[in-house]
Amino acid sequence: MTTTVAFVPRAPGSGAVAALAGPWHRPAMWGFMTIVLAHWAEHLVQAYQVWGMGMPRQHSLGILGTVWPWLVHSEWLHYGYALVMLAGLLLLRPAMKGRARRWWNVALALQFWHHLEHALLLAQALTGWRLGGGAAPSSLVQLVVPRIELHLFYNAVVFVPMVVAVAYHLFPSRADAAEATCSCAVGRVAPAP
């Protein structure tokens, strides 16, 4: 049995950032999740190319790399995505309440670290300096874990708490629903005029 709850979101303030916590939250959240899933598809195709097709790692370029190989080898692309993820997590955070906020914060903290790793990779690509003296740019953890496996791990540890947060956001407790500033929750209807 589905319970319908009348819902009047609290006013989040004014401006575009405030609108992301109110009427724009739903489309922004789903747009962001679409970008995240597309990124996952890239990593999963790359993993399949290595372990399913036996491609050498340097030739496993995912979907985009099949069309634009230079793009996938660019640290700018990877840093840009890490920055988009960080910005999305920050901008969508105000509408997350209670349990959803706690899980969203976990994803945000992990993505902040992932962003720092990509900033380090980009700095090496731009300056020619190499962490650990290797031939290619390397992140800190990449000194002990290969890049493909490491990025699958990073994306998983950011994605899982994000999905948990979205689930709690869509199906909030009564206390969390009382704090809502958007109308994302499933089963809510606006009150009759």
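This structure is a prediction, so every number in the text was calculated from the model and none was measured. Here the residue index of a chain counts from 1 through its sequence in written order. For this predicted model, a pLDDT threshold of at least 70 governs which residues receive local features, and a threshold of 80 or more governs which side-chain atom pairs are given and counted, while totals over whole chains, interfaces and linings are taken from all residues. The basis for the side-chain values is all heavy atoms of the structure; hydrogens and waters are excluded.

(A) Structural view of the overall build of the protein chain. In terms of helices and strands, the protein chain carries eight helices and two strands. Only DSSP runs of H or I with at least four residues qualify as helices, and only runs of E with at least two residues qualify as strands; both kinds are numbered from the N terminus onward. Ordered by position from the N terminus, the helices and strands of the protein chain form the series β-α-α-α-α-α-α-α-α-β. Buried residues in the protein chain amount to 39% of all 193 residues. Contacts in the protein chain between residues far apart in sequence, at least 24 positions, make up 66% of those at least 6 positions apart. Here the protein chain has roughly 10,500 Å² of accessible surface; of this, 71% comes from carbon and sulfur atoms. Here the term buried applies to any residue with accessible area under 20% of the maximum for its type, exposed to any over 50%, and partly exposed to those in between, with areas from a 1.4 Å probe on protein chains only. Residues count as neighbours in contact if any of their non-hydrogen atoms are within 4.5 Å of one another. Using a 1.4 Å probe, the Shrake-Rupley method yields the accessible areas, and only the shown protein chains count as cover for residues.

(B) Geometry of the pattern of salt bridges. When a carboxyl oxygen of Asp or Glu lies within 4 Å of a side-chain nitrogen of Lys or Arg, that pair is called a salt bridge. Throughout the structure, instances matching the rule amount to three salt bridges. Its salt-bridge partner being Glu 75, residue Arg 147 comes within 2.9 Å of it at the nearest N-O pair. One end of the pair, Arg 147, is in helix α7 (residues 147-170); the other, Glu 75, is in helix α5 (residues 75-92), with 72 residues separating them in the sequence. One salt bridge in this structure joins Asp 176 and Arg 99, with 3.9 Å as the shortest N-O distance. Placement of the pair is Asp 176 in helix α8 (residues 174-178) and Arg 99 in helix α6 (residues 98-127), with a sequence separation of 77 residues.

(C) Looking closely at the nonpolar core. We define the nonpolar core as a collection of buried residues of types Ala, Val, Leu, Ile, Met, Phe, Trp, Tyr and Cys that are connected through side-chain atoms lying within 4.5 Å of one another. Of all hydrophobic cores here, the largest spans 28 residues; its most connected members are Met 29, Phe 32, Val 36, Met 85, Leu 89, Trp 104 and Met 162. Secondary structure elements with two or more residues in this core: α2 (25-52), α5, α6 and α7. Here Met 85 is in contact with Phe 32, Val 36, Gln 111, Val 158 and Met 162, once residues within four sequence places are set aside.

(D) Spotlight on α6. For α6, which comprises 30 residues, the first-to-last C-alpha distance of 43 Å matches the rise-based estimate of 44 Å (1.5 Å per residue) to within 8%. The complete set of buried residues in α6 reads Ala 100, Trp 104, Ala 107, Leu 108, Gln 111, His 114, His 115, Glu 117, His 118, Leu 121, Leu 122 and Gln 124. Once α6 ends, the next one or two residues include Gly 128, with phi positive near 85°. Expected span, for any helix, means 1.5 Å times one less than how many residues it has.

(E) View of the packing of aromatic side chains. Each aromatic pair joins two rings of Phe, Tyr and Trp (for Trp, the six-membered one) with centres within 6.5 Å, and gets the label stacked for planes under 30 degrees apart, edge-to-face for over 60, and tilted for any other angle. All told, the structure shown has three aromatic pairs when counted by the stated rule. Consider the rings of Trp 40 and Phe 159, whose centres lie 5.8 Å apart with planes at 70°: the pair is edge-to-face. Here Phe 159 lies in helix α7 and Trp 40 lies in helix α2, a separation of 119 residues in the sequence. Aromatic side chains Phe 153 and Tyr 154 sit 6.2 Å apart centroid to centroid with 45° between the ring planes, which places their arrangement in the tilted category.

(F) Representation of the packing of α2 against α7 within the structure. To obtain each axis, a line is fitted to C-alpha atoms, and for helices this fit is confined to the stretch in contact; angles are then taken between N-to-C directions over 0 to 180 degrees. α7 packs onto α2 with a crossing angle of 150° between their chain directions and a minimal axis gap of 11 Å. On the basis of the axis angle, α2 is roughly antiparallel to α7. Every pair of crossing elements has a handedness; the one defined by α2 and α7 is left-handed. Reported orientations rely on four angle classes, namely roughly parallel under 35 degrees, roughly antiparallel over 145, roughly perpendicular from 65 to 115, and oblique for the rest. Each crossing gets its hand from how the near helix is turned against the far one by less than a right angle, where anticlockwise is left-handed and clockwise is right-handed.

(G) Region of the structure containing the packing of α2 against α5. Running from amino to carboxyl end, α2 crosses α5 at an angle of 155°, the nearest separation of the two axes being 11 Å. Classed by the angle they form, the pair α2 and α5 counts as roughly antiparallel. Helix-helix and strand crossings are classified by hand; for α2 and α5 the assignment is left-handed. Contact with α2, carried on its side by His 25, Ala 28, Met 29, Phe 32, Ile 35, Val 36 and His 39, involves Tyr 81, Val 84, Met 85, Gly 88, Leu 89 and Leu 92 of α5 and no other residues of that element. Three categories are distinguished: nonpolar for Ala, Val, Leu, Ile, Met, Phe, Trp, Tyr, Cys and Pro, charged for Asp, Glu, Lys and Arg, and polar for the others, with Gly belonging to the last. Grouping the constituent residues of the contact of α2 with α5 by class yields ten nonpolar, three polar and no charged.

(H) Spotlight on the state of the cysteines. What counts as a disulfide here is a pair of cysteine sulfur atoms lying within 2.5 Å. Applying the stated rule across the entire model yields zero disulfides. With no disulfide of its own, Cys 182 has Cys 184 as its nearest cysteine by sulfur position, at a separation of 3.5 Å. Judged by relative accessible area, Cys 184 falls into the buried class, the value being 3%.

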